[in-house]
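Inside the fold
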Amino acid sequence: MNVKIEPSWYKVLQQEFEKDYFKTLTNFVKAEYTNHVCYPPGKQIFSAFDFCPFRDVDVVIIGQDPYHGPGQANGLCFSVHDHISHPPSLINIFKELTSDLQINYPKSGNLERWAKQGVLLLNATLSVRAHTAGSHQKQGWERFTDTVIKTISDQKEGVIFLLWGGYAKQKQKLIDTKKHHILTSGHPSPLSANRGYWFGNKHFSLTNTLLEQQGKPPIEW
């Protein structure tokens, strides 16, 4: 089955694309995009992989669903296109970032700059129907992205997984903690952040410390 995804990812995931569930998922997604407005744009469904080849993955951030408002989702979790207003979770991510690293609040919410430095920005579900959160859940995407996480765990070493919120923390079971680092906190959504579960986690500086300890360059967040 010919899936248009970055070549190094195609190589490690090729068997997955041949499985019946993925073919069923593909048919579902094609029908949804044909009959409804869906996000992200079809060519950006696999952007998280396209901007961050398998060999370059040093950090993984796990989200749940793409944004479902017009012009927001660009295939990278928590990221929005340039010139789009920052959603509440992204605002809180940037607030923690500025506090942790003592840097200015970023103007652009487009996180391609992170992805190009080795940060895989992976949503558990890679598509969604407009204005309908969770509408493409339980169709096969989660099985696929769980395989992605386990493949990284099995085939790489020293990757830093940032698990924000209860849903992301469930992915710990897929990760070999003897080989990799896991940092957890509450979700950056206002509901969680305002209860004190997000701010002050210092995940950005901690990630860079762990990278430097492995002789890798820090992320320019």
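Scroll up to find the structure.
Notes on the structure follow. Treat the numbers as computed from the prediction; the structure is a model and nothing was measured. (Residues numbered from 1 in each chain as written. Predicted model: local features only at pLDDT ≥ 70, side-chain atom pairs only at ≥ 80, totals over all residues. Heavy atoms only, no water.)

**Digging into the overall build of the protein**
Rules: The numbering of helices and of strands both runs from the N terminus, where a helix is a DSSP run of H or I of at least 4 residues and a strand a run of E of at least 2. Computation of the radius of gyration draws on C-alpha atoms alone. For the globule rule, the value is 2.2 Å times the number of residues to the power 0.38. For the exposure calls, accessible area comes from a 1.4 Å probe over protein chains only, and a residue counts as buried if that area is under 20% of its type's maximum, exposed if over 50%, partly exposed in between. Working rule for contacts: check all heavy atoms of both residues, and any pair within 4.5 Å makes them a contact. Note that accessible areas follow from Shrake-Rupley with a 1.4 Å probe, and for residues the cover is restricted to the protein chains shown. For the purpose of counting charges, residues Lys and Arg are taken to be positive, whereas Asp and Glu are taken to be negative. His and the chain ends are not included. Each charge is placed at NZ for Lys, CZ for Arg, CG for Asp and CD for Glu.
For the protein, the helix and strand inventory stands at nine helices and six strands. Radius of gyration (C-alpha) of the protein: 17 Å, near the 17 Å computed for a compact globule of 221 residues. A principal-axis box enclosing the C-alpha atoms of the protein has dimensions of 45 × 35 × 25 Å. Among the 221 residues that make up the protein, the fraction classed as buried is 53%. Summarising the internal contacts of the protein: among those between residues at least 6 apart in sequence, 63% fall at separations of at least 24. Put simply, the protein shows about 10500 Å² of open surface, and 50% of that area lies on carbon and sulfur atoms. Charge-centre separation for the protein: the mean point of 24 positive side chains lies 3 Å from the mean point of 20 negative side chains.

**So, the pairing of strand S5 (residues 160–164)**
Worth spelling out the cut-off: Paired strands, as defined in this entry, are two strands with at least two bridges between them according to DSSP.
Burial analysis of S5 places five of its five residues in the buried class, the great majority of the element. Burial of S5 is two-sided: the residues Ile160, Leu162 and Trp164 facing one way and the residues Phe161 and Leu163 facing the other way are all buried. Pairing analysis gives three bridges linking strand S2 (residues 59–63) to S5, with the strands arranged parallel. What sits directly across from Val59, in S5, is Ile160. Judged from the five bridges that link them, S5 and strand S6 (residues 181–185) form a sheet pairing that is parallel. What sits directly across from Ile160, in S6, is His181.

**Regarding empty space enclosed by the protein**
As a reminder, the rule being used: The way it works is a 1 Å grid over only the protein atoms, where trapped points that fit a 1.4 Å probe form a cavity and open points with protein on both sides within 12 Å along at least five of seven lines form a pocket, and then any residue with an atom within 4 Å of a point lines it. Grid points are joined across faces, edges and corners, and a volume is the space filled by probe spheres set on the points. Residues are grouped as follows: Ala, Val, Leu, Ile, Met, Phe, Trp, Tyr, Cys and Pro are nonpolar; Asp, Glu, Lys and Arg are charged; every other residue, Gly included, is polar.
With the rule as written, the count across this model stands at one cavity of 30 Å³ or more. Here the largest cavity is characterised by a volume of approximately 30 Å³. Lining the largest cavity, in full, are Ile62, Gly63, Gln64, Phe78, Trp164, Tyr167, Ala168 and His187. Residue assignment for the lining of the largest cavity shows that the elements contributing at least two residues are S2 and helix H7 (165–169). Classifying every residue of the lining of the largest cavity gives five nonpolar, three polar and no charged.

**Some words on the pattern of salt bridges**
The cut-off we apply is this: Each reported salt bridge corresponds to a side-chain nitrogen of Lys or Arg within 4 Å of a carboxyl oxygen of Asp or Glu.
Summed over all chains, the structure comprises seven salt bridges. Counted as one network, the salt bridges with shared partners bring together Glu6, Arg55 and Asp56.

**A short note on the side chain of Asn110**
Applied cut-off: Under this definition, polar contacts are N or O atom pairs within 3.5 Å; protein pairs additionally need one hydrogen-donor-capable and one acceptor-capable atom, and for neighbouring residues in sequence, both atoms have to be side-chain atoms.
Structurally, Asn110 can be placed in the loop between helix H4 (88–101) and helix H5 (112–115). Overall, Asn110 belongs to the buried group, its relative accessible area being 8%. Among the polar contacts made by the side chain of Asn110, one reaches the main-chain amide nitrogen of Glu112 at a distance of 3.1 Å.

**Describing H4**
Where we set the bar: Each residue after the first adds 1.5 Å to the expected span of a helix.
Counted at 1.5 Å a residue, the expected span for H4 with its 14 residues is 20 Å, and the 20 Å between its end C-alpha atoms agrees. Residues Ser89, Leu90, Asn92, Ile93, Phe94, Glu96, Leu97, Thr98 and Asp100 constitute the buried set of H4. Looking at the packing, one finds that the buried side of H4 touches H5, S5, helix H8 (190–193) and helix H9 (203–213). The positive-phi residue at the C-terminal boundary of H4 is Gln102, with phi of around 55°.

**Observations concerning the state of the cysteines**
Here, disulfide denotes a covalent bond that connects the sulfur atoms of two cysteines. Our working rule: Disulfide assignment relies on a single distance test, namely cysteine sulfur atoms paired within 2.5 Å.
For the structure shown, the criterion picks out zero disulfides. The closest cysteine sulfur to the non-disulfide-bonded Cys52 is located on Cys77, 11 Å from its own sulfur. On the basis of relative accessibility, which here comes to 0%, the residue Cys52 falls in the buried class.

By themselves, these figures tell us nothing about what the structure is for.
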